[in-house]
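Structural overview for review
Residues per chain, in single letters:
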Amino acid sequence: MSAEVRTDTGKFINSAWDVNVDGRRWRVVIGLHDTVETAFTVNRARGPGEVVIGGPLYDFVERVNHQLMCDEVRGDDGSRL
């Protein structure tokens, strides 16, 4: 599983999941809500792109995600749901 985010806002763009179907590995990219953006076979030799698992960008996205989750718990008037 991977998630793609905007580097300027730290907000979610899409996530990708790998699945095996009839012995072939497919990557399914899911966008907003449950929209399938694309699906393609995975070339094992290509490998992943840049993977960020720590550092300033990771910390920024973690803070944005935390704030979004806190905002979701609060109602429009600021009270907790």
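Further up the page is the structure itself.
None of these values were measured; they are calculated from a predicted model.

Here the focus is the pattern of salt bridges. Scanning all chains against the criterion turns up three salt bridges. Of the charged contacts in the structure, one is a salt bridge between Arg25 and Asp18, with a shortest N-O distance of 2.5 Å. You can call Asp18 partly exposed: its relative accessible area is 31%. One salt bridge connects Asp18 with Arg27, and the closest N-O pair in it is separated by 2.6 Å. Via salt bridges that share partners, Asp18, Arg25 and Arg27 belong to a single interconnected network.

What follows covers unusual backbone geometry. The backbone of Asp22 shows a phi angle near 50°, a positive value even though the residue is not glycine. Mapped onto the secondary structure, Asp22 falls in the loop between strand S2 (12–21) and strand S3 (24–30).

What follows deals with the sheet that holds strand S4 (residues 36–41). The four strands are arranged S1-S2-S3-S4 in an open sheet whose pairing can be described as antiparallel. Edge positions in the open sheet fall to strand S1 (2–5) and S4, since each of these has one partner strand only. Neighbour-to-neighbour, the strand axes of the sheet open up by a mean angle of 20°, direction not taken into account. Bridge count for S1 against S2 is four bridges, and the pairing is antiparallel. The partner of Glu4 across the bridge, within S2, is Asn14.

Here we take up the side chain of Asn14. Relative to the helices and strands, Asn14 resides in strand S2. Note on Asn14: relative accessible area 8%, which makes it buried. Reaching out from Asn14, the side chain makes a polar contact with the side chain of Glu37 at a distance of 3.1 Å. If we skip the residues at most four places from it in the chain, Asn14 touches Ser2, Ala3, Glu4, Val29, Ile30, Gly31 and Glu37.

Calculation rules
- Residues numbered from 1 in each chain as written.
- Predicted model: local features only at pLDDT ≥ 70, side-chain atom pairs only at ≥ 80, totals over all residues.
- Heavy atoms only, no water.
- Salt bridge = Lys/Arg side-chain N within 4 Å of Asp/Glu carboxyl O.
- Buried < 20%, exposed > 50% of the residue type's maximum accessible area, 1.4 Å probe, protein only.
- Helix = DSSP H or I, 4+ residues; strand = E, 2+ residues; numbered from the N terminus.
- Pairing = 2+ DSSP bridges.
- Axes fitted to C-alpha atoms, helices over the stretch in contact; angles between N-to-C directions.
- Polar contact = N/O pair within 3.5 Å; in protein donor to acceptor, adjacent residues only side chain to side chain.
- Contact = heavy atoms within 4.5 Å.

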